[in-house]
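So the chains spell out like this:
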Amino acid sequence: MPVSLTPGSLARLLGEWNVGAAPAYRELADVVRLLILDGRVGLDVALPSERSLAATLGISRTTVTAAYALLREQGFLSGGQGSRSRSCIPGQGPAHAGGHEAALRLSGAPGLAVPDGILDLAYASLPASGEVVHRAFATALTELPALLPGFGYDALGVGPLREAIAARYTAAGVPTTAAQILVTSGAQHALNIVLRTLAARSGTKVLVEHPSYPNALDAIRAAGCRPIPVAMPAAGPHGTGPNGAGRNGLGHTGASPVGTVSRGTIPADWDLEAMESALLQQRPAMAYVVPDFHNPTGRLMPDSQRRRLVKAAAASGTVLVADETLRELNLDGAVSTPMAAFSPAVVSLGSLSKSHWAGLRTGWIRASEPLIQRFAAARTTLDLGGPVVEQLAAAHLVNAMTEPLPARLAELRENRNTLLELIRAHLSGWDPEWPDGGLSIWCRLPMPISTALAVVAPDFGIRLAAGPRFGVGGAFEQYLRVPFTLPPEQLETAVLALRSAQDRLEAAPQLRRNLSAPPAAAIA
């Protein structure tokens with residue numbers, strides 16, 4: 001059964017749609033088409049009936065019928081008159097395609113290296129935190145001899161690291177024991193273990209935010225699962241928060257911004273009404289969310305919404321999986337409670353890849369002890385444990401988590417401000433969303449050229465992850481994620497390259513129609 005959009009919900013998304021610039025049916029169709037392309041109306045969503053939408057909007061049924069007919073002709077709606085029309089993308093297969101066929105269509109190819117001389121904007125990742133990581137490994141080597149008499153296999157992870165992770169959760173208000181922690185080779189490895197345990201049957205439904213992290217979407221599809229996308233609201237206008245509430249552009253805490261940089265559009269929160277509806281209607285086995293500095297938007301889910309989401313997941317029998325990989329990259333000092341504090345049934349994923357270094361390949365799962373035992377059993381079908389020295393080093397890093405963070409956060413704040421200023425100066429028409437944290441900025445483009453930009457970008461010395469990589473079924477063609485992990489001088493080079501790439505596309509509109517798909521590329 002597809003997710004249904006109520007007339008009131010669609011009316012709220014439409015906003016002031018009838019401006020008199022064209023016939024009413026065409027204006028209505030144009031706005032609905034943009035909502036689908038932007039991902040604000042997910043794919044395979046049943047739209048309101050013609051009669052009910054006409055009544056809600058206060059227009060004739062004939063106008064809605066003509067708008068729906070135009071959208072069907074353009075390929076954005078499926079289903080005939082008299083049946084519930086469902087959203088889709090022209091030229092795309094069913095939104096629920098999965099399994100081996102979907103795995104073969106994955107547009108990412110992990111392990112592909114960027115050529116020399118190319119600035120990589122597909123990776124949102126930092127270099128190692130220097131001396132801190134080196135010192136942790138030096139100490140780990142002195143501790144290794146005590147473990148050498150053992151076999152070296154440990155599917156749960158070495159004790160010191162599990163205890164350090166548990167202590168950090170406890171300090172954050174989530175009492176945790178080492179028995180509730182399983183150490184993995186990064187958060188992606190952790191997600192694959194969770195999928196293998198909770199969503200092993202082909203076609204299992206997994207609710208995801210839309211947009212979402214590309215590698216998570218790839219893992220869900222490769223596991224043969226069916227992603228159920230729930231659209232995130234568009235960012236609010238300058239200086240306003242969700243529903244127009246004033247946030248003064250200051251995140252959830254009111255902390256003063258650094259410098260005088262224009263903040264761009266202010267992030268909205270999550271559409272909890274839509275998530276609750278999807279959970280109730282679809283009853284997915286699992287929901288994967290990134291509540292802490294969401295990738296790619298950088299938003300932080302308020303505690304009130306976390307509480308509602310946990311309650312809705314419990315009511316639908318859905319296991320809620322919260323990816324907290326970016327939680328430590330809190331750029332504006334916002335206060336939030338870990339999702340697991342609201343229910344012991346929540347499964348939490350974490351990693352040192354974003355806060356310290358991706359080369360550590362150290363992540364973890366926090367869950368109830370019975371679930372951890374199930375995850376450990378599933379893990380042994382993939383590997384028998386992680387490297388010991390890396391785990392010993394990671395234990396020291398977790399115990400001293402705050403040591404490298406102040407300097408890293410200060411650098412990231414400066415980079416964020418620099419990138420926003422550069423976008424304002426050189427990319428007119430781009431609408432960047434202010435990120436509360438994380439490593440990147442989610443930008444709305446002046447036209448749907450994200451894939452075309454990714455194709456021509458290497459000619460100008462940069463590599464991009466096209467917007468549709470963050471969605472299901474081809475959505476987000478008018479969006480681009482731009483990381484601010486490069487130094488300021490390289491960010492300037494990258495933005496000027498984006499300007500040149502866009503100029504080429506604007507000078508040759510036919511190029512946008514004839515370009516092939518972007519080459520396969522790794523994304524982080």
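See above for the structure.
Residues numbered from 1 in each chain as written. Predicted model: local features only at pLDDT ≥ 70, side-chain atom pairs only at ≥ 80, totals over all residues. Heavy atoms only, no water.

Draft legend 1. Spatial organisation of the overall build of the chain. Scanning the chain from N- to C-terminus turns up 17 helices and 16 strands. Expressed as a percentage of the 524 residues in the chain, the buried residues total 56%. Once local pairs closer than 6 in sequence are excluded, the contacts in the chain between residues at least 24 apart make up 76%. When the accessible surface of the chain is split by element, carbon and sulfur atoms take 56% of a total near 20,600 Å². (Helix = DSSP H or I, 4+ residues; strand = E, 2+ residues; numbered from the N terminus. Buried < 20%, exposed > 50% of the residue type's maximum accessible area, 1.4 Å probe, protein only. Contact = heavy atoms within 4.5 Å. Areas by Shrake-Rupley, 256 points an atom, 1.4 Å probe, with all protein chains shown as cover.)

Draft legend 2. Region of the structure containing the sheet that holds strand β11 (residues 347-351). Here seven strands make up an open sheet; going across it, the order is β6-β12-β11-β10-β9-β7-β8 and the pairing mixed. Single-partner strands in this sheet number two, and they are β6 (181-184) and β8 (226-231). Geometrically, the sheet is characterised by an average inter-axis angle of 20° between neighbouring strands, direction not taken into account. Taken together, the four bridges between β6 and strand β12 (residues 363-366) define a ladder with antiparallel strand orientation. Across the sheet, Val-183 pairs through a bridge with Trp-364, a residue of β12. The strands touched by helix α7 (residues 159-171) within the sheet are β6, β11 and β12, with β6 carrying the most contacts at an inclination of about 120°. Running at roughly 25° to β6, helix α12 (residues 369-379) makes contact with β6, β11 and β12 of the sheet. (Pairing = 2+ DSSP bridges. Axes fitted to C-alpha atoms, helices over the stretch in contact; angles between N-to-C directions.)

Draft legend 3. Focus on the sheet that holds strand β16 (residues 479-483). Spatially, three strands are ordered β13-β14-β16 in an open sheet, and the strand pairing comes out antiparallel. Pairing within the sheet leaves two strands with one partner each, and these edge strands are β13 (431-433) and β16. Averaged over all neighbouring strand pairs, the angle between strand axes comes to 30°, with direction disregarded.

Draft legend 4. Examining the nonpolar core more closely. Ranked by size, the top nonpolar core spans 75 residues in total, and within it Leu-14, Leu-309, Leu-320 and Met-339 carry the most contacts. Counting residues per element, this core draws most heavily on helix α13 (residues 388-399), which supplies eight residues. Setting aside anything within four residues of it in sequence, one finds Met-339 in contact with Val-289, Pro-291, Met-301, Arg-306, Leu-309, Val-310, Leu-320, Ala-322, Glu-324 and Val-346. Counting 43 residues, the second largest nonpolar core, distinct from the first, contains Leu-126, Trp-430, Cys-443 and Leu-486. (Core = buried A, V, L, I, M, F, W, Y, C linked by side-chain atoms within 4.5 Å.)

Draft legend 5. Main features of the side chain of Thr-297. Along the polypeptide, Thr-297 turns up in the loop between β9 (286-289) and α11 (303-316). Judged by its relative accessible area of 1%, Thr-297 is buried. Within the local environment of Thr-297, its side chain forms a polar contact with the side chain of His-294, the two groups lying 2.8 Å apart. For Thr-297, the contacting residues outside a window of four places in its chain are Pro-211, Met-232, Glu-433, Pro-435 and Trp-442. (Polar contact = N/O pair within 3.5 Å; in protein donor to acceptor, adjacent residues only side chain to side chain.)

Draft legend 6. Broad picture of the packing of helix α14 (residues 405-426) against helix α16 (residues 488-507). Look at α14 against α16: their axes get within 10 Å of each other, and the N-to-C directions meet at 25°. It follows from the interaxial angle that α14 and α16 lie roughly parallel. Judged by the twist between their axes, the crossing of α14 over α16 is right-handed. Contacts from Glu-414, Asn-415, Thr-418, Leu-419, Leu-422, Ile-423 and His-426 in α14 reach Pro-488, Leu-491, Glu-492, Val-495, Leu-496 and Arg-499 in α16. Looking at the contact of α14 with α16, its residues break down into seven nonpolar, three polar and three charged. (Parallel < 35°, antiparallel > 145°, perpendicular 65-115°, else oblique. Left-handed = near helix turned anticlockwise from the far one by under 90°. Nonpolar A, V, L, I, M, F, W, Y, C, P; charged D, E, K, R; others polar.)

Draft legend 7. Local environment of the pairing of β9. Residues Met-286 and Tyr-288 line one face of β9 and the alternating positions Ala-287 and Val-289 line the opposite face, and both faces are buried. Of the strand pairs in this sheet, strand β7 (residues 205-210) and β9 are connected by three bridges, and their pairing is parallel. Paired with Val-206 across the bridge in β9 is Met-286. The parallel pair β9 and strand β10 (residues 319-323) is bridged by α11, and the resulting crossover is right-handed. (Right-handed = clockwise from strand over helix to strand, strands pointing away.)

Draft legend 8. Inspection of the pattern of salt bridges at higher detail. Per the stated rule, a full pass over the model turns up 23 salt bridges. Put simply, Glu-403 and Arg-135 hold a salt bridge, and the shortest N to O gap is 2.4 Å. Taken as a pair, Glu-403 in the loop between α13 and α14 and Arg-135 in helix α6 (residues 130-143) lie far apart in primary sequence, 268 residues in all. Of the residues examined, Glu-403 reaches a relative accessible area of 43% and is grouped as partly exposed. (Salt bridge = Lys/Arg side-chain N within 4 Å of Asp/Glu carboxyl O.)

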